[in-house]
Amino acid sequence: DSGVTQTPKHLITATGQRVTLRCSPRSGDLSVYWYQQSLDQGLQFLIQYYNGEERAKGNILERFSAQQFPDLHSELNLSSLELGDSALYFCASSVGATQYNEQFFGPGTRLTVL
Amino acid sequence: DQQVKQNSPSLSVQEGRISILNCDYTNSMFDYFLWYKKYPAEGPTFLISISSIKDKNEDGRFTVFLNKSAKHLSLHIVPSQPGDSAVYFCAASAHRDDKIIFGKGTRLHILP
């Protein structure tokens, strides 16, 4: 158990809809990262928040947005969903701000868009 | 354009033998490299890392080798055990950019 929790575990929705994925980092970790893993793809870095502020942006679509709240939990919002958004979405956390610090991953949320 | 490449999608190794997982990168600015291991239905877990100032880092049965001139790193697992069966992701980061890039992963099967 990494100490990072993600809800929900599974999500099935339809094209055009909007969903919110939630992540609670390990106690004491200030950074939260979001990753997407599609079929046959590696982990694609989406976005990083550090202590409530956006710190780094990766290949995140404009239809996607995220935020980190004062209690350090984070939410990833995916809107106008398309079939290609079906993937595993991982959240990770780390103590520091730099991405090469050891990151602790949650179990992921499997999103299926029908 | 994939900056971190794991060209072997899968690898099978006999229990007790050495497992060698390879990773190539294209960005010469990468100066920190990590390996993560992932079991089904779980998130990846950190395994071992290496800075570009080193060419080898060891942690128990796991050793990572870095060849900067060839832009190549490898993870050696000796001896391989059944619990090593998992997907292994190579990742690289450039201190200046501070963005981590993951490869697509290699699925390792340890055969009894």
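Look up a bit, the structure's there.
Residues numbered from 1 in each chain as written. Chains lettered and ligands numbered in written order. Predicted model: local features only at pLDDT ≥ 70, side-chain atom pairs only at ≥ 80, totals over all residues. Heavy atoms only, no water.

A. Molecular detail of the overall build of chain B. Scanning chain B from terminus to terminus reveals 0 helices and 11 strands. In chain B, the succession of α and β elements from N to C terminus is β-β-β-β-β-β-β-β-β-β-β. For 112 residues, the compact-globule estimate of 2.2 N^0.38 gives 13 Å, and the C-alpha radius of gyration of chain B, at 13 Å, lies within 12% of that figure. Considering only C-alpha atoms, chain B reaches an extent of 45 × 25 × 20 Å along its principal axes. (Helix = DSSP H or I, 4+ residues; strand = E, 2+ residues; numbered from the N terminus. Rg over C-alpha atoms; globule rule 2.2 N^0.38 Å.)

B. Representation of the packing of aromatic side chains within the structure. Across all of its chains, the model carries 12 aromatic pairs over all chains by this definition. Ring centres of Phe90(A) and Phe105(A) lie 6.3 Å apart, and the angle between their planes is 80°; on these two criteria the pair is classed as edge-to-face. Separated by 15 residues along the polypeptide, Phe90(A) in strand 9 (residues 87–94) and Phe105(A) in strand 10 (residues 104–105) bring together distant segments of the chain. We note that Phe90(A), like Phe105(A), is buried. Here Phe105(A) and Tyr36(B) contribute two aromatic rings whose centre-to-centre distance is 5.5 Å and whose plane-to-plane angle is 80°, an arrangement assigned as edge-to-face. Here Phe105(A) is found in strand 10, whereas its partner Tyr36(B) is found in strand 4 (residues 32–38) on a different chain. (Phe/Tyr/Trp six-rings, centres within 6.5 Å; stacked < 30°, edge-to-face > 60°. Buried < 20%, exposed > 50% of the residue type's maximum accessible area, 1.4 Å probe, protein only.)

C. View of the nonpolar core. In this structure, Phe33(B), Trp35(B), Leu73(B), Leu75(B) and Tyr88(B) are the most contacted members of the largest nonpolar core, which totals 24 residues. Of all the elements in the fold, those that place two or more residues in this core are strand 3 (19–25), strand 4, strand 5 (45–51), strand 7 (62–67), strand 8 (72–77), strand 9 (86–93) and strand 11 (106–111) of chain B. Element by element, the count of residues in this core is highest for strand 9 of chain B, at 4 residues. Not counting chain neighbours up to four residues away, the residues in contact with Tyr88(B) comprise Gln6(B), Leu21(B), Trp35(B), Tyr36(B), Lys37(B), Leu47(B), Leu75(B), Ile77(B), Gly105(B), Thr106(B) and Leu108(B). Counting residues in hydrophobic clusters, the runner-up holds 21 residues, among them Leu11(A), Leu21(A), Cys23(A) and Tyr89(A). (Core = buried A, V, L, I, M, F, W, Y, C linked by side-chain atoms within 4.5 Å. Contact = heavy atoms within 4.5 Å.)

D. Up close: the interface of chain B and chain A. Contacts between chain B and chain A engage 18 residues on the former and 20 residues on the latter. Roughly 1,600 Å² of surface becomes buried between chain B and chain A when both sides are summed, with 59% attributable to carbon and sulfur atoms. Joining chain B to chain A, the criterion identifies 0 salt bridges. Linking chain B with chain A are 1 residue pair in polar contact (both at pLDDT 80 or more). Taken together, the elements giving at least two residues each to the side of chain B that touches chain A come down to strand 4, strand 9 and strand 10 (100–102) of chain B. Across the side of chain B that touches chain A, the residue classes tally to 9 nonpolar, 4 polar and 5 charged. (Buried area = accessible area lost by both parts, 1.4 Å probe. Salt bridge = Lys/Arg side-chain N within 4 Å of Asp/Glu carboxyl O. Polar contact = N/O pair within 3.5 Å; in protein donor to acceptor, adjacent residues only side chain to side chain. Nonpolar A, V, L, I, M, F, W, Y, C, P; charged D, E, K, R; others polar.)

E. Representation of the side chain of Gln6(A). Residue and element names in this part refer to chain A. Within the fold, Gln6 resides in strand 1 (residues 5–7). When its relative accessible area of 5% is taken as the criterion, Gln6 is described as buried. Polar side-chain contacts of Gln6 include one of 3.0 Å to the backbone oxygen of Tyr89. Here the side chain of Gln6 touches Cys91 through a polar contact of 3.0 Å, landing on its backbone nitrogen. With near-sequence residues (within four places) excluded, Gln6 lies in contact with Arg22, Trp34, Tyr89, Phe90, Cys91, Gly106, Pro107, Gly108 and Thr109.

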